[in-house]
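Breakdown of the fold
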Amino acid sequence: MDIKKFLNIVCQEIKYEPAKDGIAEELKLHIQEIKEDYMNNGMQEQEAEEKAVSQMGVAKDIGKSLNKIHRPKLDWKLLILIVLLMGFGIVVSILKQPTMNDNYIGSTIIYMAIGVLLGISIYFFDYKKLKKYSNVIYLIASFIMIFPMITNYRLINGLLYIRIFNITIFPPTIAVPLYLMAFIGFITNYDRNRGVKIVVGNKEISINKDLVKILVFSIVSLLLIEYIPSITNAVILGVLYFVIATIKIVQDKENCVKKLIKLYIIPLILISFMVFILLIESPFRFERIISSFIPESDPEGSGYIGMLQKEILENSRLIGEANTEVISSNEYIISMESNYTFIYLLGKTGILVAGILVLIIILTSIKLIVNAKKVKEQYGRYLIIGLSALYILQSFATILMNINMGVQTNVNLPFVTYGGVYFIVNILNIAIILSIYRRKDINEYDDKIKKRKITFFKIKENNDINEY
């Protein structure tokens, strides 16, 4: 039996189409290595090939074994955790229905259904194709941020929103994950050899084009988000940029400490200076930060929300509604605003239910971190790290804010807070993570084949040179 026939029989047993090429290439390389050994010992090519193929074993049995190993893997544990979080979102919509004029429960289920349908299509999509469209993704995110500034926008509480038909969209909801994906594409495409030399005075300086692009695009994205204005989302995105850049530098290892100092020292000085100026020019910002942790410092002003939250916490029960008018009445801001979902749920259902939600959020965060470690392909691993960090930051910032242990900001609880487009975006983020996990073994297998193929041809080339 020749190599071609052997590979055809093996591949017929493999059900997952994307894995077939990699498996065939791996087996072909292995057979060629054995064939080369036989030929070096004086055997004719055809006889050497047949003997190498027969040494591999029964083709059909090999195909069945490889089919069991190389099949897509759905991360059921993560999916179950996300479904549980979405269940809490439905519970919140049922509790809040009496406070809303429209069909709150129906809208939640509709957005959930749309998100799931889009998520399924993303799940089967090869995420690696996104990498080459990083520039396009960045431009789309920037267009979303600029759109409300140049067209029909809606101003709500001083923030710019997009109004399309009857749907109101907060631009950073979509732009932040898109900017993050574009940044990951830029940083994984970074080439240290793409330098341009310029002469300043008598000194020649080398500037890396990729580095300049990353810095300029990152700063522009943060400025656009801040203009909305959404300082919270700008801070979250900035933190995510630093997380990804730090991991990239550490993994590259070359001049690691020096690069990390450069990465952090200048931005930290600039941020410290800007915060100092803001606090001097706008002292109310400093008062707002203080009142977030100590609402008694301004109970009728910036600490008003904190006082409501404190009253709920002090009157909360293990199971059941808290004994306070803040929860029993639907007229308070806690019942109406989406970023107070956690304290509202705690007040309505009790500490036990809220505690279970926190536990699920923690377990989801741990599962996401574990998944990032299991993925070896660089682009996929960075996408999981970035999207997971986004989920973790939003989740814990919301919870801490709701119990007076964090700064009062306009941030929501993923999958639990009602938000229409926000809900869909969170589902799509998780769908991308599930898609990466689904292909992790295939991608790792492809990388091994590429390395082995390079090694094989280098050895063959050296042998040919020596024979010559």
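Residues numbered from 1 in each chain as written. Predicted model: local features only at pLDDT ≥ 70, side-chain atom pairs only at ≥ 80, totals over all residues. Heavy atoms only, no water.

Concerning the packing of helix α7 (residues 134-150) against helix α9 (residues 209-227)
Applicable threshold: Convention adopted: a line fitted to C-alpha atoms gives each axis, helices being fitted over their contacting stretch, and angles between N-to-C directions are expressed from 0 to 180 degrees. Numbering of helices and strands runs from the N terminus, with a helix taken as a DSSP run of H or I at least four residues long and a strand as a DSSP run of E at least two residues long. Oblique is the label for any angle not under 35 degrees, not over 145, and not in the 65 to 115 range, which are roughly parallel, roughly antiparallel and roughly perpendicular in turn. Whether a crossing is left-handed or right-handed is set by the direction in which the near helix is turned from the far one by less than a right angle, anticlockwise for left-handed and clockwise for right-handed. Throughout, a residue-residue contact means that at least one pair of heavy atoms, one from each residue, lies within 4.5 Å. Each residue is assigned to one of three groups, with Ala, Val, Leu, Ile, Met, Phe, Trp, Tyr, Cys and Pro labelled nonpolar, Asp, Glu, Lys and Arg labelled charged, and all others, Gly among them, labelled polar.
Two elements in contact, α7 and α9, have axes whose closest approach is 10 Å; the angle formed by their N-to-C orientations is 25°. The orientation of α7 relative to α9 falls into the category roughly parallel. For the pair α7 and α9, the crossing hand works out as left-handed. Residues Asn135, Tyr138, Ser142, Met145, Ile146 and Met149 of α7 pack against Lys213, Phe217, Val220, Ser221, Leu224, Ile225 and Tyr227 of α9. The class makeup of the residues in the contact of α7 with α9 is 9 nonpolar, 3 polar and 1 charged.

So, empty space enclosed by the protein
Inclusion rule: In the cavity and pocket records, a cavity denotes points on a 1 Å grid over the protein atoms alone where a 1.4 Å probe fits but cannot get out, a pocket denotes an open set with protein on both sides within 12 Å along at least 5 of 7 lines, and lining residues are residues with an atom within 4 Å of a point. Grid points are joined across faces, edges and corners, and a volume is the space filled by probe spheres set on the points.
The tally for this structure, following the rule as stated, stands at 2 cavities of 30 Å³ or more. Roughly 70 Å³ of volume is contained in the largest cavity. Contributing to the lining of the largest cavity are Leu387, Leu390, Tyr391, Gln394, Pro414, Phe415, Asn426, Asn429, Ile430 and Ile433. When residues of the lining of the largest cavity are traced back to their parent elements, those giving at least two are α18 (378-402) and α19 (421-438). For the lining of the largest cavity, the class distribution of residues is 7 nonpolar, 3 polar and no charged.

Comments concerning the packing of aromatic side chains
The description of an aromatic ring pair rests on the distance of the ring centres and on the angle between the ring planes. We apply this condition: When two rings of Phe, Tyr or Trp (its six-membered ring) have centres within 6.5 Å they constitute a pair, described as stacked for plane angles under 30 degrees, edge-to-face for angles over 60, and tilted for the intermediate range. Throughout this description, the term charge over a ring refers to an Arg CZ or Lys NZ atom that lies within 6 Å of the ring centre and within 35 degrees of the ring normal.
For the coordinates displayed, the defined rule picks out 9 aromatic pairs. Where Phe143 meets Phe147, the ring centres are 5.6 Å apart and the plane angle is 50°; that geometry is what we call tilted. With Phe143 and Phe147 both in helix α7 and 4 residues apart, this pair spans about one turn of that helix. Sitting over the ring of Tyr123, Arg438 keeps its end group 5.2 Å from the ring centre.

What about the environment of Thr232?
With respect to the secondary-structure elements, Thr232 resides in helix α10 (residues 231-252). With 178 residues separating them along the chain, Thr232 and Asn410 place their C-alpha atoms 6.8 Å apart. Not counting residues up to four positions away in its chain, the partners in contact with Thr232 are Thr409, Asn410 and Val411.

Section: the side chain of Ser221
Turning to its location among the elements, Ser221 is positioned in helix α9. Excluding anything up to four places from it in sequence, Ser221 contacts Tyr138, Tyr179, Leu237 and Tyr241.

Looking at the pattern of salt bridges
What counts, and what does not: One speaks of a salt bridge when a side-chain nitrogen belonging to Lys or Arg is within 4 Å of a carboxyl oxygen belonging to Asp or Glu. Exposure is judged per residue with a 1.4 Å probe applied to protein chains only, and the accessible area is read against the type maximum: over 50% gives exposed, under 20% gives buried, and values in between give partly exposed.
Enumeration over the complete set of coordinates arrives at 5 salt bridges. Here Lys35 makes a salt bridge to Glu45, at a shortest N to O gap of 3.2 Å. Taken together, the residues span a long stretch of sequence, with Lys35 in helix α2 (residues 17-40) and Glu45 in helix α3 (residues 45-56) at a distance of 10 residues. Here Lys310 and Glu296 are joined by a salt bridge, their closest N and O atoms 2.0 Å apart. Of the two residues, Lys310 is situated in helix α13 (residues 304-315) and Glu296 in the loop between α12 (283-293) and α13; the sequence distance between them amounts to 14 residues. Judged by relative accessible area, which is 26%, Lys310 ranks as partly exposed. When its relative accessible area of 38% is taken as the criterion, Glu296 is described as partly exposed.

Digging into the environment of Leu223
Among the secondary structure elements, Leu223 is positioned in helix α9. Separated by 11 residues in sequence, Leu223 and Ala234 place their C-alpha atoms 7.8 Å apart.

Things to note about unusual backbone geometry
Most peptide bonds take the trans configuration, and most residues that are not glycine carry a negative phi. For Asn404, which is not a glycine, the phi torsion comes out positive at approximately 60°. Following the sequence through the fold, Asn404 ends up in the loop between α18 and α19. According to the relative accessible area criterion, Asn404 is buried, its value standing at 11%.

Topic: the nonpolar core
Looking at soluble globular proteins, one finds that nonpolar side chains tend to be buried together. Note the cut-off: Take the buried residues of types Ala, Val, Leu, Ile, Met, Phe, Trp, Tyr and Cys, join any two whose side-chain atoms come within 4.5 Å, and each joined set is a nonpolar core.
By size, the foremost hydrophobic cluster in this structure holds 89 residues, and its most contacted members are Leu85, Tyr179, Ile244, Ile334, Leu357, Leu383 and Phe415. With near-sequence residues (within four places) excluded, Leu383 lies in contact with Tyr127, Met181, Ile184, Ile432 and Ile436. With 18 residues, the next largest nonpolar core counts Ile3, Phe6, Ile14 and Ile23 among its residues.

Looking at a negative patch on the surface
Heads up, the condition is: The patches reported here contain residues having more than 30% relative accessible area and no salt bridge. Joining distances are 9 Å for like charges and 5 Å for nonpolar side chains (Val, Leu, Ile, Met, Phe, Trp, Tyr). Per-residue and other accessible areas follow the Shrake-Rupley method at a 1.4 Å probe size, with only the shown protein chains counted as cover for residues. Neither His nor the chain ends contribute to the count of charged residues, in which Lys and Arg are positive and Asp and Glu negative. In plain terms, the charge of a residue is placed at NZ if it is Lys, CZ if Arg, CG if Asp and CD if Glu.
Together, Glu311, Glu314, Glu325 and Glu331 make up a region of like negative charge exposed at the surface. Following the sequence through the fold, Glu325 ends up in helix α14 (residues 325-328).

With respect to the packing of helix α16 (residues 341-349) against helix α17 (residues 351-374)
With their axes 7 Å apart at the nearest point, α16 and α17 run at an angle of 140° to one another. It follows that α16 is oblique to α17 by the angle criterion. Seen from α16, the contacting residues are Phe342, Leu345, Leu346 and Thr349; seen from α17, they are Ile351, Val353, Ala354, Leu357 and Val358. Looking at side-chain class alone, the contact of α16 with α17 contains 8 nonpolar, 1 polar and no charged residues.

Observations regarding the layout of surface pockets
The computed volume of the second largest pocket comes to approximately 380 Å³. Lining the second largest pocket are 17 residues, with Ile122, Leu178, Val425, Leu428 and Ile432 positioned closest to its centre. Looking at which element gives the most residues to the lining of the second largest pocket, the answer is α19, with 7 residues. Here the lining of the second largest pocket is composed, by residue class, of 15 nonpolar, 2 polar and no charged.

A short note on the confidence of the model for the protein
The line we're drawing: pLDDT measures how confident the predictor is about each residue, on a scale from 0 to 100.
A residue-level look at the protein finds 87% of positions with pLDDT of 70 or above and a mean pLDDT of 81. At the level of individual helices and strands, the protein shows its lowest average pLDDT in helix α20 (residues 440-467), which scores 51, and its highest in α17, which scores 93.

Quick notes on the side chain of Arg438
Along the chain, the position of Arg438 falls in helix α19. Despite its burial, Arg438 pairs with no opposite charge; the closest candidate is Asp126, at 8.1 Å N-O. If we skip the residues at most four places from it in the chain, Arg438 touches Tyr16, Pro72, Lys73, Tyr123 and Phe124.

Remarks on a nonpolar patch on the surface
Nonpolar side chains collect at one region of the surface, where Val257, Ile261, Ile265, Ile266, Ile269 and Leu270 lie side by side and expose about 600 Å² of accessible area between them. Relative to the helices and strands, Ile266 resides in helix α11 (residues 256-281). The class for Ile266 is exposed, based on a relative accessible area of 53%.

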